[in-house]
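Fold and contact review
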Amino acid sequence: VQLQASGGGLVQAGGSLRLSCAASGSIAGINTMGWYRQAPGTQRELVAGITSGGSTSYADSVKGRFTIARDNTKNTVYLQMNSLKPEDTAVYYCKLVLGRRIGADGYWGQGTLVTVSS
């Protein structure tokens with residue numbers, strides 16, 4: 001399984017960005033896709049996850065601002081990020097796990113950098 005992320009960039013505070021991550025390879029059954037992020041000097045943290053059935057979860061810090069969605073026909077997950085803040089600056093990584101637990105071992109995409117200027 002390979003994951004290809006895209007959509008990062010530089011945006012001013014209050015702006016929006018949309019990240020995409022397409023999965024390819026042998027993906028069957030229930031799976032969960034999600035986004036993590038890692039800022040310099042910090043641990044990687046979960047931002048949002050979505051199961052193949054459409055159940056979502058969000059970190060408290062992004063609730064109401066970020067929306068995760070997926071297109072199962074394309075094995076693609078999206079992260080719509082609105083009202084961005086400088087503290088959202090990080091490298092964002094997509095992840096796919098088999099099953100419903102986004103924290104389980106899985107497959108990672110390459111990171112995409114999001115920079116939010118104040």
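Report on the accompanying structure. (Residues numbered from 1 in each chain as written. Predicted model: local features only at pLDDT ≥ 70, side-chain atom pairs only at ≥ 80, totals over all residues. Heavy atoms only, no water.)

**Focus on a nonpolar patch on the surface**
Heads up, the rule is: Two joining distances apply to patches: 9 Å for like charges and 5 Å for nonpolar side chains (Val, Leu, Ile, Met, Phe, Trp, Tyr), and every residue must have over 30% relative accessible area and no salt bridge. Note on areas: Shrake-Rupley with a 1.4 Å probe; residue coverage comes only from the protein chains shown. Take a side-chain nitrogen of Lys or Arg and a carboxyl oxygen of Asp or Glu: if they are within 4 Å of each other, that pair is a salt bridge. A run of H or I in DSSP counts as a helix once it spans at least four residues, and a run of E counts as a strand once it spans at least two, with each numbered from the N terminus.
The grouping of Val1, Leu98 and Tyr107 at the surface amounts to a nonpolar patch, some 250 Å² of accessible area in total. Locating Val1 in the fold gives a position in the segment before strand E1 (2–6).

**Notes on the side chain of Asp88**
Cut-off, in case you're wondering: Side-chain atoms alone can form a polar contact between residues adjacent in sequence; in general such a contact is a pair of N or O atoms within 3.5 Å, and within protein one must be able to donate a hydrogen while the other accepts it.
Mapped onto the elements, Asp88 comes out in the loop between strand E8 (76–81) and strand E9 (90–98). Side chain to side chain, Asp88 and Arg65 meet in a polar contact 2.7 Å long.

**Looking at the packing of aromatic side chains**
For the record, the criterion: Two aromatic rings, drawn from Phe, Tyr or Trp (for Trp, its six-membered ring), form a pair once their centres lie within 6.5 Å of each other, and the interplanar angle then sorts them: stacked below 30 degrees, edge-to-face above 60, tilted otherwise. Accessible area is worked out with a 1.4 Å probe on protein chains only. A residue is then buried under 20% of its type maximum, exposed over 50%, and partly exposed in between. In our convention, an over-ring charge means Lys NZ or Arg CZ found within 6 Å of a ring centre and within 35 degrees of that ring's normal.
In total, this model carries 2 aromatic pairs according to the counting rule given. For the pair Tyr36 and Trp108, a centre-to-centre distance of 4.9 Å together with 65° between the ring planes defines the contact as edge-to-face. Taken as a pair, Tyr36 in strand E4 (residues 31–38) and Trp108 in strand E10 (residues 107–108) lie far apart in primary sequence, 72 residues in all. The class of Tyr36 is buried, set by a relative accessible area of 10%. Of the residues examined, Trp108 reaches a relative accessible area of 37% and is grouped as partly exposed. Linked through ring pairs, Tyr36, Tyr93 and Trp108 together constitute an aromatic cluster. Stacked on the ring of Tyr78, the Lys or Arg Arg18 has its end atom at 4.1 Å from the ring centre. Here Arg44 stacks its cationic end above the ring of Tyr93, 3.7 Å away from the centre of that ring.

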